[in-house]
Structures are given as C-alpha cells and as structure tokens.
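Listed below, chain by chain, are the residues.
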Amino acid sequence: ATVEKDEPIHALTTPNDPDYSHQQTALQQIRVPEAWDYAHGKATAVIAVIDTGIDGTHTDLAGKVDAGYNYISDTAISVGADSDDNGHGTVVAGVATATGNNLVGIAGVDWNAHLMPVKVLDATGAGTTQDAIDGITYAADHGATVINMSFGRGTASTALENALTYAQNKGAILVGASGNDGAEGVDYPAKYESVISVGAVDSANARSSFSDYGGELDIVA
C-alpha cells in the first residue's frame, strides 16, 4: 500500500471566444493557456497604448479603458470613450486585454488589465516624435505599469531616449515593436536598451518576412 497527497485537479482554461481557436495560435505558442490555469491577469496592471487611440466602446474592451489624452487634438480622453479613428490602437489593445471567455471576438493575454489610451498618431497612422515624447511622459506620470509603443522611426533621438528613461525610472515596463520593414536593424524606440524589443514569428515559429531583426531584438511573438 502507498500513501500520497490527494492533490486537487481543475479544468484547463480554454476560452469560448469564437476567434480564439482558429486565429490565436500565437497565444498557444507562448503558452498563455497554461498561465490562465493559474491567473487571468490583474486589474492593478495599467497598459498605456501609445498609438492611434482606443475604442473604449468595443464590447471586448468594455470597462477596461481608463482616461487618457489625445495629443493630436490636445484634448483629454474620457473613460470608455472612442478615441481611435484608425483602428490600429484598438487592435493592439485587444491583443493585450480583450476579455476572455465572453463569447465575443478574441481573448487577450491579460483579461483584467486596464488600458490607458494615449493618442499620438492620427487617422493615417502618422505622428510626431514630440507627441510620442509627451505621450510617454503622460503615461509615466499617470501610473502606467506598462507602456506599449507599436510605432517606430529610423534614427535615434536623445529627447525620446530621455523620455523613456524617465518612464523607466517611474517603474514602467517599456515595450516596442521591432519594425515591419523585413530588414536587419530594429527601429527606435525599440532599439533602446530600456525597451523590450518585440519581433514577429509565424505559426511555425519562423521569422515573419516583414519583421525587422538584429542584435537589439529581445523576444518574438
């Protein structure tokens, strides 16, 4: 006879979002479902999306979008407002935090995190480095725990680097896209050491043809 501890068992988390199973192989590649078995995220996390804005009225983002700022029009963004006239920022926000297991759209990585919309890109996806600097500083001063920057420029900027250092010293985790030129050499701000530089892979874990790469690349997703 043997004696062993009667460990509890539990069902593995598989969200019922309709696009999860056939569109979100990336989450399985980075083993997010295994993490969901233990936690779905935390509401104390605040992800600042420095981008084209966020559609706070989107069903998958309901109740997650906090106040922010629009540097294109120099106006405040109210809680739950739709500040995105392009769509790019909303996609980024959804990948990060779309509510899981709600029978809608996709499942985000963190189902409980809040979002801070910081609009620095216009309806065409264009903006200025100064607006990006102001947006990063705003996010840092307003309690962002993560600052996501899915934009880039080809050359260094001391002022931009200083803003990133300021945000890092405030405790924010900085994340930037490597760039979509399919070339060697990561875009700024992702190229800076203070920023986690993220490139792209396909479903076979091979580098996506459009993704920039190089020695400054930290992770791929």
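For the structure itself, look to the data block above.
Residues numbered from 1 in each chain as written. Predicted model: local features only at pLDDT ≥ 70, side-chain atom pairs only at ≥ 80, totals over all residues. Heavy atoms only, no water.

1. Some points on the overall build of the protein
Here's step 1: Helix and strand counts for the protein come out as six helices and eight strands.
Here's step 2: Taken from the N to the C terminus, the helices and strands of the protein come in the order α-α-α-β-β-β-α-β-α-β-α-β-β-β.
Here's step 3: Expected size for 221 residues packed as a compact globule is a radius of gyration near 17 Å; at 18 Å, the protein falls within 12% of this value.
Here's step 4: Split into buried and exposed, the 221 residues of the protein put 41% on the buried side.
Here's step 5: Here the analysis covers contacts within the protein between residues at least 6 apart in sequence; of these, 69% occur between residues at least 24 apart.
Here's step 6: Roughly 11300 Å² of accessible area belongs to the protein as shown, and the carbon and sulfur atoms make up 53% of that amount.
Here's step 7: Within the protein, one finds 9 positive and 29 negative side-chain charges whose respective centroids are separated by 5 Å. (Helix = DSSP H or I, 4+ residues; strand = E, 2+ residues; numbered from the N terminus. Rg over C-alpha atoms; globule rule 2.2 N^0.38 Å. Buried < 20%, exposed > 50% of the residue type's maximum accessible area, 1.4 Å probe, protein only. Contact = heavy atoms within 4.5 Å. Areas by Shrake-Rupley, 256 points an atom, 1.4 Å probe, with all protein chains shown as cover. Lys, Arg positive; Asp, Glu negative; His and termini not counted. Charge placed at Lys NZ, Arg CZ, Asp CG, Glu CD.)

2. Re the layout of surface pockets
Here's step 1: By volume, the largest pocket amounts to about 1500 Å³.
Here's step 2: Considering the residues around the largest pocket, the lining is formed by 41 residues, among which Val95, Asn148, Val175, Val198 and Ala221 are closest to the centre.
Here's step 3: Elements that contribute at least two residues to the lining of the largest pocket include exactly α2 (25–29), α4 (88–97), β5 (146–149), β6 (173–177) and β7 (195–199).
Here's step 4: Top contributing element to the lining of the largest pocket by residue count: α4, with five residues.
Here's step 5: Here the lining of the largest pocket is built from residues that sort into 25 nonpolar, 14 polar and two charged. (1 Å grid on protein atoms, 1.4 Å probe; cavity = no way out; pocket = protein on both sides within 12 Å on 5 of 7 lines; lining within 4 Å. Points joined across faces, edges and corners; volume = space filled by probe spheres on them. Nonpolar A, V, L, I, M, F, W, Y, C, P; charged D, E, K, R; others polar.)

3. Looking at the environment of Val195
Here's step 1: Mapping Val195 onto the fold places it in strand β7.
Here's step 2: Taking the relative accessible area as the measure of exposure, Val195 reaches 2% and is therefore buried.
Here's step 3: As for Val195 and Glu161, which are separated by 34 residues in sequence, their C-alpha atoms are 9.8 Å apart.
Here's step 4: Setting aside residues up to four positions removed in sequence, Val195 forms contacts with Met149, Leu164, Leu174, Val175, Gly176, Pro189, Ala190 and Asp218.

4. Digging into the nonpolar core
Here's step 1: Ile50, Met116, Ile136, Ile147, Met149, Leu164 and Leu174 are the most contacted members of the largest nonpolar core, which totals 27 residues.
Here's step 2: When contributions to this core are tallied by element, the ones reaching two or more residues are β1 (46–51), β4 (114–119), α5 (129–141), β5 and α6 (158–169).
Here's step 3: Take this core: its biggest share by element is six residues, from α5.
Here's step 4: Ignoring sequence-local partners within four residues, the contact set of Leu164 consists of Ile136, Met149, Leu174, Pro189, Tyr192, Ser194 and Val195.
Here's step 5: Formed by 10 residues, the second largest nonpolar core is a distinct cluster that contains Ile47, Val65, Val92 and Leu115. (Core = buried A, V, L, I, M, F, W, Y, C linked by side-chain atoms within 4.5 Å.)

5. What about a nonpolar patch on the surface?
Here's step 1: The grouping of Ile173, Ile196 and Ile219 at the surface amounts to a nonpolar patch, some 240 Å² of accessible area in total.
Here's step 2: Position of Ile196 among the secondary structure elements: in strand β7.
Here's step 3: Residue classification places Ile196 among the partly exposed residues on the basis of a relative accessible area of 33%. (Patch = residues over 30% accessible without salt bridge, like charges linked within 9 Å, V, L, I, M, F, W, Y side chains within 5 Å. Salt bridge = Lys/Arg side-chain N within 4 Å of Asp/Glu carboxyl O.)

6. Some remarks on the pattern of salt bridges
Here's step 1: Across all of its chains, the model carries four salt bridges by this definition.
Here's step 2: Among the salt bridges present, the one from Lys119 reaches Asp85, with a minimum N-O distance of 2.8 Å. Here Lys119, found in strand β4, pairs with Asp85, found in the loop between β3 (75–77) and α4; they are 34 residues apart in sequence, far enough to count as distant.
Here's step 3: The class of Lys119 is buried, set by a relative accessible area of 2%.

7. Overview of the environment of Ala96
Here's step 1: Locating Ala96 in the fold gives a position in helix α4.
Here's step 2: Remark: the alpha-carbon pair of Ala96 and Leu160, spanning 64 residues in sequence, is separated by 24 Å.
Here's step 3: Look past the residues within four positions of Ala96 in its chain and what remains in contact with it is Ile47, Gly108, Val109 and Asp110.

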